[in-house]
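Structural characterization, general
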Amino acid sequence: MCKGLAALPATCLKSAKDMKHRLGFLLQKSDSCDYSSSQGKKEKISSSQRLSQEEVRKWADSLENLIHHDRGLAAFRAFLKSEYSEENIEFWVSCEEYKKTKSPAKLSPKARKIYDEFISVQATKEVNLDSCTREKTSHNMLEPTLSCFDEAQRKIFTLMEKDSYRRFLKSPYYLDLVSPPGAGCGPENCKRNHAHSLDCNSNIISQCA
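Residues numbered from 1 in each chain as written. Predicted model: local features only at pLDDT ≥ 70, side-chain atom pairs only at ≥ 80, totals over all residues. Heavy atoms only, no water.

**Thoughts on unusual backbone geometry**
Glycine aside, residues mostly have negative phi, and peptide bonds are mostly found in the trans state. Despite not being glycine, tyrosine 84 has its phi angle at roughly 60 degrees, a positive value. For tyrosine 84, a relative accessible area of 73% corresponds to the exposed category. (Buried < 20%, exposed > 50% of the residue type's maximum accessible area, 1.4 Å probe, protein only.)

Set out below in C-alpha cells:
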C-alpha cells in the first residue's frame, strides 16, 4: 500500500522541491521574454504605421511629393489605371528613366521608343500635348539629348496636377490610406468600409510597386 510522500527519503523530497522551483522560475522568465518580445514588435509596428501615415499625408501637399515616393507613385498609378488614363504617368516615368541614360549611344533608340509609344500620331499610348509642344519634341528627335522631352514632360505634369491629381486626393485610393483604421465614423467614413478598402488598395500598391 502507498504511504505517499512521507515514505520517500528526505533527499528525494528536497530534489523534487528544487526541480519545482526551477521549473517555476523558467516559466516566469519565458513569459516575461514573450511579453517583452510582443511589446517590442507592437512598438515597431506602431512606429511604422505612424511613419506611413505621415508620409501619406505629405502626398496631399503636392503632386511632386506623391510621385517621388515609391508607394505614392504606385497608388497614383493604380488610380489612373482604374480611370483608363495611365498613359500620362507612364510617360512621365519613362522621361525620368530616360534622363538617367549615361551612354550617348543609347539616347537615340531610347528617345525613339518613347516618342513612338507616347507622342507620335500613331502612338499606342498617346498623351495629350498641344501641337506646338508636339512639333518641338518631334524636331528634338533629329538629335536626341537628355532634355529633349523636358517640355513635353512639364506639360503632362501640369495636366495631371490640375486634373487627375485632384481627383486622386478625393478617391478611396488616397482617402482609405490616409485615414487610420481606428478613426471615428464620420459622414464620409461611414460611406466606406475602411478595413476592406485599405486591404484592397494595399494589395494593388504592392503589386504595382
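**Here we look at helix H3 (residues 70-82)**
For an α-helix, the turn length of 3.6 residues means that residues three or four places apart are oriented alike. The terminal C-alpha atoms of H3, which comprises 13 residues, lie 19 Å apart, in line with the 18 Å expected from a rise of 1.5 Å per residue. Those residues of H3 that fall on the buried side of the exposure criterion are Gly72, Leu73, Ala74, Ala75, Phe76, Ala78, Phe79 and Leu80. Taken from the residues just after H3, tyrosine 84 is the one with a positive phi, measuring 60 degrees. (Helix = DSSP H or I, 4+ residues; strand = E, 2+ residues; numbered from the N terminus. Expected span 1.5 Å × (residues − 1).)

**A look at the packing of aromatic side chains**
Ring pairs (aromatic) are described by centroid distance and by the angle formed between their planes. Within this structure, the stated rule accounts for seven aromatic pairs. Between phenylalanine 76 and phenylalanine 168 the ring centres are 5.5 Å apart and the planes differ by 80 degrees, which places this aromatic pair in the edge-to-face class. Of this pair, phenylalanine 76 sits in helix H3 while phenylalanine 168 is found in helix H8 (residues 164-169), placing the two residues 92 residues apart along the sequence. Considered together, phenylalanine 76 and phenylalanine 168 belong to a single accessibility category, that of buried residues. With centroids separated by 5.8 Å and ring planes inclined at 50 degrees, the aromatic side chains of phenylalanine 168 and tyrosine 174 adopt a geometry described as tilted. Side by side, phenylalanine 168 and tyrosine 174 carry an identical accessibility label, which is buried. (Phe/Tyr/Trp six-rings, centres within 6.5 Å; stacked < 30°, edge-to-face > 60°.)

**Looking at the environment of threonine 137**
Mapping threonine 137 onto the fold places it in helix H6 (residues 131-140). Sequence-wise, threonine 137 and isoleucine 119 are 18 residues apart; in three dimensions their C-alpha atoms are separated by 8.3 Å. Leave out the neighbours within four places in its chain, and threonine 137 touches Ile119, Cys148, Phe149 and Ala152. (Contact = heavy atoms within 4.5 Å.)

**Section: the packing of H6 against helix H7 (residues 150-162)**
One way to put it is that H6 packs onto H7 with a least axis distance of 9 Å and a crossing angle of 150 degrees. On the basis of the axis angle, H6 is roughly antiparallel to H7. Crossing hand, H6 versus H7: left-handed. Counted together, Thr133, Lys136 and Thr137 of H6 and Glu151, Ala152 and Lys155 of H7 form the full contact between these two elements. Residue composition of the contact of H6 with H7, by class: one nonpolar, two polar and three charged. (Axes fitted to C-alpha atoms, helices over the stretch in contact; angles between N-to-C directions. Parallel < 35°, antiparallel > 145°, perpendicular 65-115°, else oblique. Left-handed = near helix turned anticlockwise from the far one by under 90°. Nonpolar A, V, L, I, M, F, W, Y, C, P; charged D, E, K, R; others polar.)

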